[in-house]
Amino acid sequence: MSENIESRRQGRPVYIVDGARTPFIKARGKPGPFTPVDLAVQCGRPLLLRQPFAATEFDQVILGCVNAGADEQNPGRVAALRLGCGTETVAFTVAINCGSGMQSIDTAYKYIAAGDSDLILAGGAESLSNAPLILNHQAVDFFAGLNAAKSPLDRARAFANFRTDMLAPVIGLERGLTDPITNLGMGQTAEVLAHIFKISRQQADEYSTESHHRLAKAQQEGWLNDEVEPMFARDGELYDHDDGMRADSSVDKLAKLKPVFERPFGKVTAGNSSQITDGASWVILASEEAVKKHGLKPRAVILDSEWAALDPSIMGLGPVLSSTPLLQRAGMALSDVDVWEINEAFAAQLLACLAAWNDEAFCKDVLGLPGAAGLIDRDKLNVDGGAIALGHPVGATGNRIVLHVVNTLHRLGKKRGIATECIGGGQGGAMLIEAL
Amino acid sequence: MADAFDTHDRTWQALSSRNEELGPGLKATAPSPYRNWRVTRDADNLAWAVLDKAGSSANTISPDVLEELDAILTTLEQNRPAGLVIRSAKASGFIAGADIGQFVGMTDEAEVAAGMTRAHVVADRLEALTIPTIAVVHGYCLGGGLEVALACHHRIGVEGSTYGFPEVQLGLHPGLGGTARLTRLIDPLEAMQLMLTGKTVVAKKAKALGIIDVVVPERHVEAAIQAALAGKLSSPKPTLKARVLDSAPARRILAQRMKAEADKQAPHANYPAPYALVELWEKHGGDFEAMKREEIQSFARLMVTETSRNLVRVFFLRQKLQGLAGRPPKIKHVHVIGAGAMGGDIAAWVAWRGLTVTLGDVKPEPLAGAIKRAAALYEKIGHGDKLRIRDALDRLIPDLKGAGIAHADIVIEAVPENLKLKHAIYAATEPKMKAGAILASNTSSIPFEELRTGLSKPGRLVGLHFFNPVSRMMLVEVIRHDQLDPEVEKTARAFAGMIDRLPAPARSAPGFIVNRALTPYLQEAMTMLDEGIAKETIDKAAENFGMPMGPVELADTVGLDICVDVAEMLKRELHWPMPDAPDWLTKKVEAKKLGRKTGEGLYVWKGGHPVKDLKASKPDADMADRLILPMLNTCVALLREGVTEDADVIDASMIFGSGFAPFRGGPLSYAKARGVGEIKARLVELAGKYGERFKPDEGWDALG
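Attention in this report is confined to the structure presented alongside it. (Residues numbered from 1 in each chain as written. Chains lettered and ligands numbered in written order. Predicted model: local features only at pLDDT ≥ 70, side-chain atom pairs only at ≥ 80, totals over all residues. Heavy atoms only, no water.)

1. Overview of the overall build of chain A
Looking only at helices and strands, one finds 16 helices and 14 strands in chain A. Since a compact globule built from 436 residues should have a radius of gyration of about 22 Å, the 22 Å found for chain A is in line with a globular shape. Summarising its shape, the C-alpha atoms of chain A cover approximately 75 × 55 × 40 Å along the three principal directions. Relative to its 436 residues, chain A shows a buried fraction of 58%. For chain A, contacts bridging at least 24 residues in sequence account for 80% of all contacts bridging at least 6. Working note: accessible area of chain A is about 17700 Å², and carbon and sulfur atoms make up 53% of it. (Helix = DSSP H or I, 4+ residues; strand = E, 2+ residues; numbered from the N terminus. Rg over C-alpha atoms; globule rule 2.2 N^0.38 Å. Buried < 20%, exposed > 50% of the residue type's maximum accessible area, 1.4 Å probe, protein only. Contact = heavy atoms within 4.5 Å. Areas by Shrake-Rupley, 256 points an atom, 1.4 Å probe, with all protein chains shown as cover.)

2. Concerning the overall build of chain B
The secondary structure content of chain B amounts to 29 helices and 20 strands. In terms of overall dimensions, chain B is globule-like: its C-alpha atoms have a radius of gyration of 27 Å, near the 27 Å expected for 704 residues. Expressed along its principal axes, the backbone C-alpha trace of chain B runs to roughly 80 × 60 × 45 Å. When the 704 residues of chain B are sorted by exposure, 55% land in the buried category. In chain B, 88 side chains carry a positive charge and 88 a negative one; their mean positions are 3 Å apart. (Lys, Arg positive; Asp, Glu negative; His and termini not counted. Charge placed at Lys NZ, Arg CZ, Asp CG, Glu CD.)

3. Some words on the interface of chain B and chain A
How big an interface is tends to be reported as the loss of accessible area on association of its parts. Counting residues at the interface gives 29 residues for chain B and 18 residues for chain A. Carbon and sulfur atoms supply 58% of the area that chain B and chain A bury against each other, a total of about 1900 Å² over both sides. At the junction of chain B and chain A, the tally comes to four salt bridges. The partner of Arg82 of chain A in a salt bridge is Asp394 of chain B, with the nearest N and O atoms 2.6 Å apart. Connecting chain B to chain A are nine residue pairs in polar contact (both at pLDDT 80 or more). Counting residues per element, the ones that place at least two in the side of chain B that touches chain A are helix H15 (364-381), helix H16 (386-395) and strand E13 (396-398) of chain B. Ranked by residues supplied to the side of chain B that touches chain A, first place goes to H15 of chain B with eight residues. (Buried area = accessible area lost by both parts, 1.4 Å probe. Salt bridge = Lys/Arg side-chain N within 4 Å of Asp/Glu carboxyl O. Polar contact = N/O pair within 3.5 Å; in protein donor to acceptor, adjacent residues only side chain to side chain.)

4. Some points on helix H12 (residues 318-330) of chain A
In an α-helix there are 3.6 residues to a turn, and that puts residues three or four apart on one side. Residues and elements named next belong to chain A. Between the first and last C-alpha of H12 there are 19 Å, a value that for 13 residues agrees with the 18 Å anticipated at 1.5 Å per step. With respect to burial, H12 is a largely interior element, 12 of its 13 residues being buried. Among the residues of H12, those classed as buried are Gly318, Pro319, Val320, Leu321, Ser322, Ser323, Thr324, Pro325, Leu326, Leu327, Arg329 and Ala330. Positive phi shows up at Gly331, right after H12, with a value of about 65 degrees. (Expected span 1.5 Å × (residues − 1).)

5. Considerations on the nonpolar core
With 89 residues, the main nonpolar core has Tyr521, Leu627, Ile628, Met631, Leu632, Phe656 and Trp700 of chain B as its most contacted residues. Ranked by size, the runner-up nonpolar core spans 82 residues in total, among them Val41, Ala80, Leu367 and Leu432 of chain A. (Core = buried A, V, L, I, M, F, W, Y, C linked by side-chain atoms within 4.5 Å.)

6. Quick look at empty space enclosed by the protein
Here the structure, examined in full by the defined rule, presents two cavities of 30 Å³ or more. If you trace the largest cavity, you find it lined by Tyr207, Glu210, Ser211, Arg214, Glu344, Arg378, Leu381, Asn382 and Gly385 of chain A. The residue inventory of the lining of the largest cavity, partitioned by class, reads two nonpolar, three polar and four charged. The space that makes up the second largest cavity amounts to roughly 40 Å³. Leu66, Leu69, Val122, Ala123, Leu126, Glu147, Val148, Ala151 and Leu176 of chain B together form the lining of the second largest cavity. Among the secondary structure elements, those contributing two or more residues to the lining of the second largest cavity are helix H2 (63-78), helix H3 (109-128) and helix H4 (144-150) of chain B. With three residues, the single largest contributor to the lining of the second largest cavity is H3 of chain B. (1 Å grid on protein atoms, 1.4 Å probe; cavity = no way out; pocket = protein on both sides within 12 Å on 5 of 7 lines; lining within 4 Å. Points joined across faces, edges and corners; volume = space filled by probe spheres on them. Nonpolar A, V, L, I, M, F, W, Y, C, P; charged D, E, K, R; others polar.)

7. Considering the sheet that holds strand E18 (residues 502-507) of chain B
All names here are of chain B. Spatially, eight strands are ordered E13-E12-E11-E14-E15-E16-E17-E18 in an open sheet, and the strand pairing comes out mixed. This sheet does not close on itself; its edge strands, each paired only once, are E13 and E18. Averaged over neighbouring strand pairs, the angle between their axes works out to 25 degrees when direction is ignored. Both strand E15 (residues 438-441) and strand E16 (residues 461-466) contribute to a ladder of three bridges, which runs parallel. In the sheet register, Ala440 faces E16, and the bridge partner there is Val462. (Pairing = 2+ DSSP bridges. Axes fitted to C-alpha atoms, helices over the stretch in contact; angles between N-to-C directions.)

8. Thoughts on the pattern of salt bridges
Counted under the stated rule, the structure contains 74 salt bridges over all chains. The closest approach of N and O atoms between Glu229 of chain A and Arg50 of chain A, which form a salt bridge, is 3.0 Å. Here Glu229 of chain A, found in the loop between helix H9 (201-221) and strand E8 (231-232), pairs with Arg50 of chain A, found in the loop between helix H2 (36-49) and strand E3 (60-64); they are 179 residues apart in sequence, far enough to count as distant. According to the relative accessible area criterion, Glu229 of chain A is buried, its value standing at 7%. Taken together, the shared-partner salt bridges connect Asp622, Asp625, Arg674, Glu678, Arg682, Glu685 and Lys689 of chain B into one network.

9. A short note on the packing of helix H20 (residues 514-530) of chain B against helix H22 (residues 551-558) of chain B
Residue and element names in this part refer to chain B. Relative to each other, H20 and H22 sit at 115 degrees, their axes nearing to 9 Å. Taken as axis vectors, H20 and H22 run roughly perpendicular relative to one another. Here H20 and H22 pass one another in a crossing that is left-handed. In this structure, H20 uses Leu518, Tyr521, Leu522, Ala525, Met526 and Leu529 to contact H22, whose residues at the interface are Pro551, Val552, Leu554 and Ala555. Within the contact of H20 with H22, the residues separate by chemical class into 10 nonpolar, no polar and no charged. (Parallel < 35°, antiparallel > 145°, perpendicular 65-115°, else oblique. Left-handed = near helix turned anticlockwise from the far one by under 90°.)

10. Observations concerning the packing of aromatic side chains
Aromatic ring pairs are reported here in terms of the distance separating the ring centres and the angle at which the planes meet. On inspection of all chains with the given rule, the structure shows 13 aromatic pairs over all chains. Ring geometry for Phe197 of chain A versus Phe362 of chain A: centroids 5.9 Å apart, planes at 75 degrees, classification edge-to-face. One end of the pair, Phe197 of chain A, is in the loop between helix H8 (186-196) and H9; the other, Phe362 of chain A, is in helix H14 (residues 360-365), with 165 residues separating them in the sequence. Phe362 of chain A carries the same exposure label as Phe197 of chain A, and that label is buried. Pairing Phe545 of chain B with Tyr670 of chain B gives two aromatic rings, centres 5.1 Å apart and planes at 85 degrees, and the pair type is edge-to-face. Here Phe545 of chain B, found in helix H21 (residues 535-545), pairs with Tyr670 of chain B, found in helix H27 (residues 667-674); they are 125 residues apart in sequence, far enough to count as distant. Here Arg411 of chain A stacks its cationic end above the ring of Trp223 of chain A, 3.7 Å away from the centre of that ring. (Phe/Tyr/Trp six-rings, centres within 6.5 Å; stacked < 30°, edge-to-face > 60°. Lys NZ or Arg CZ within 6 Å of the ring centre and 35° of its normal.)

11. Some details on the state of the cysteines
The final tally for this structure, using the stated rule, is zero disulfides over all chains. Just so you know, Cys363 of chain A is unpaired, no disulfide at all, and the nearest cysteine sulfur is the one on Cys353 of chain A, 12 Å from it. Cysteine Cys141 of chain B shares no disulfide, and the gap to the nearest cysteine sulfur, in Cys152 of chain B, comes to 9.6 Å. Take Cys141 of chain B: its relative accessible area is 0%, and that puts it in the buried class. (Disulfide = S-S within 2.5 Å.)

12. Focus on the packing of H21 of chain B against helix H25 (residues 623-641) of chain B
Packed helix pairs are specified by the crossing angle of their axes together with the interaxial distance, meaning the distance between the axes. Residue and element names in this part refer to chain B. Contact geometry for H21 and H25: axes closest at 8 Å, N-to-C directions at 70 degrees. As the angle between them shows, H21 and H25 are arranged roughly perpendicular. For the crossing formed where H21 meets H25, the hand is right-handed. On H25, the residues touching Thr537, Ile538, Ala541, Ala542 and Phe545 of H21 are Met623, Ala624, Leu627 and Ile628.

13. A few points about the pairing of strand E14 (residues 427-435) of chain A
All names here are of chain A. Within E14, eight of the nine residues are buried, leaving the element largely enclosed by the surrounding structure. Judged from the nine bridges that link them, strand E11 (residues 300-309) and E14 form a sheet pairing that is antiparallel. In the sheet register, Ala309 faces E14, and the bridge partner there is Gln427. Sheet topology places strand E13 (residues 416-423) next to E14; eight bridges connect them, and they run antiparallel. For Ala419, the partnering residue across the bridge sits in E14 and is Met431. As consecutive antiparallel partners, E13 and E14 are separated by three residues, and within that stretch Gly425 has a phi angle of approximately 105 degrees, a positive value.

14. Examining the environment of Gly97 of chain B
All names here are of chain B. Among the secondary structure elements, Gly97 is positioned in the loop between strand E4 (93-95) and H3. Owing to a relative accessible area of 5%, Gly97 belongs among the buried residues under this scheme. Linking Gly97 and Glu167, residues 70 residues apart in sequence, is a C-alpha distance of 8.9 Å. Look past the residues within four positions of Gly97 in its chain and what remains in contact with it is Asn59, Thr60, Ile61, Leu142, Gly143, Gly144 and Gly145.

Below, the structure is given as structure tokens:
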């Protein structure tokens, strides 16, 4: 782990050329109008339309997605075909929970750096509002029995096995957000970190309010106009902004909420957690050759990436474990990073990361640093708000934060940024990006 | 015959020809003794008769096709095969129907009957074969084609095939035994419904009805043929219901209802065919041989009616306009500017037809509305084909930033009728367009001489004037001006054909063809309203003539604001002796009572229909002529002025753009049939009674 950044860059430079995302829309209790592939198509169409090359030019299409719909298995391929990338373009889907949208970029990065591809469309999509209600096991057995019954008498017998508790579906989303190894919900892991790093309810609520205000400002100022492409549903509904944002968010309002994962003493509430959301994002990656061939104007170059793993019960520290090696290899301090996007899975979790970096013992024992890394300047961190305000469509987030780092570096005229996130199951992913 | 998602996929391209089942030796080099058929035998002594009509891209039944089939049947009787498969070699379909060309100029009823009797002999012979006969149908199977298939013992439908009897649209009914065979094969009520409406059904429905035995993808055709030969394909058995309906009393009762329905759709004095068909079934439905015999006679009677002659003429007018479209152009991407009622619907239709369409507007809300309307349209015309609907919606791309302009082969501007606005849009758009891309305008009233100023390449500007609603009105007026590049005009016409519309070329004159000819019709209605005549009465006069809707209802449907605008423009540009719009009309427009789109105009509208007083008085003898003759007068002026050089194009435009009574063959055709002298005299009479506006145009003399 003590290699430097130069030795890591064995391969060719990999450029980020362009990207776009859908507005992130909050799940509101019933299935939303778009499946993961629909979302991918909604922002993919305008993105591809503004490129100087045809959609069939991509060597591969890679999509991060955790909850693929039953009608859209391998959503990466379905999206690629619906976007006109052509029957002859290989397309696949990657899943590493919250990291999926970044894993697609990382996989593309590795293919291009190694010389195996020149132009890749890498994205992430998630439609949590369409996460299935799963039949419990007894219900599945019942229906299987009914299906196998041939004669009317057999069918009558099969029907007799019905029990009303078979009607209780398993909420897929709930199971999906629970780590199977520790049986802790994601929010519970944030409670663990809040305890270890002494993060208070007040601090979490203050941070969350700030996230909403920053997003509100970004929306007002039009800073997201080049990133977000409006969506048009079949029923005539228009979605043109991240609609989970509450401009009137305040610490007082958030203080009224009860803990949502561990009652009655917990610190994590619905108000200081990321929202359940639908959304998609794409990024176009290119080699030097592709840039020349198609006359592209790259916006950034990927300098480095890192994945880390740790105990699932404290998965929230994933950003710390995955970003630190990037800094070490680049010979950078925390403060040398101009733009940080650390996914706000939970305010308490994010604050725990900041606290960990400022904790001498932690930095020495876990990160192998000579001392505490320091504090990240809040003005460089999640400058336009984060998942607490705009939501966390699991498979898309990793992609969005990379795209937003690129866009923010350009808006502020800055040089280097890191996009990083914690991953359910106990992992973390990070990318170091330089604007061009 | 494509199952592929993308027929350009190289692997698929290499293999697609292996996905057809046309029997052995179709591509054999040995010459066929027949001009239109190729007959082969396979290793199991199964005979294949593949119809590949000479000199045509589609198969149609003509006397020579039937004569050759007769000869083929003779050879089969002399050297009996294990069975006979009849299939088409044409990619587009099985058989499109009779060769309509042979219907033209038929005036001798007895001659028609003799010809049909000869044809029946061949069909009966086919049916009487003692070997199994199997029709394998792909694509369309219509009219006489369906009758040939019905004369076979089995019918295998390939996925995507469609079936129907469109003869009523020509003022006829099936004449090759179809009336008898279909009512015997399937539920007679369903059979009658199919023949009375002329609608086509998809393969799945055809199987459900019992018209075909099975629906298979191309890859199972051979297995299906084997199943048919082995007697394993279940033929539908007549149901109890069908047997009851075969009784004369039952038929009598049902026939009354059918006749009443048919009359409601179109008065049988104008459209005798549906009525004749119902009578045929009512009298002879229970007797197969009698029904076939009487079918010939009924068919011959209908063939020589003026209605049928005129509807055949309409068929050829349609073909003529299709001919003006020519070969499909290399157009893949269309950009539409303006997501209003017309722009949005044009975009939706073009995307449905398979092209990629980017739809631009200044705000996202109209785009959202356009997507909603498109989704609703696709649900209606997509017949539950979820994949087709999804793919069409994927191709219809809202494009606020206009990124699609750079990709577009055609840019269609459909913004409000404001010259400054259009100029601004052209100025912003033209620089982004591809080198050879066409700029088309849907304008209905701004002259192209004014539109084109400011363009760096005025030659690329052409008019594509669509009619509302785009999905149902076949006509597109293709408007030229004196700086238009002829290649652009040609491509514009070809584009219309590509999206299954009919191009009517015209030069840029006020109102082009349809709006100009309709306006005096609408204005006379306003004048009559002013005189105190009830709107229902006015409309009835026009409906009795054969117009699909009367002028008052039409004005409300188009929108009173648009009618007033067009009328004012025409009056200004053409110096017409027309009265100004009455005060009460301008007041209605100001009060936003614009007609159907606002729920009230001249009529009150409920649920998309006008609320009519059924007790309104009957129209008097003058009313129809007051409404229709000015329309004819204007058509004559259009011809004289050379707005379009061709009387047929004028007739076709009025039929396909405004629904002018098709059974009359078109305004100019009707005028000639009625007599130029008589019409001129009538116009003079009406001018004396009602005003100068009825003065006959100078062009009447040239028309005779």
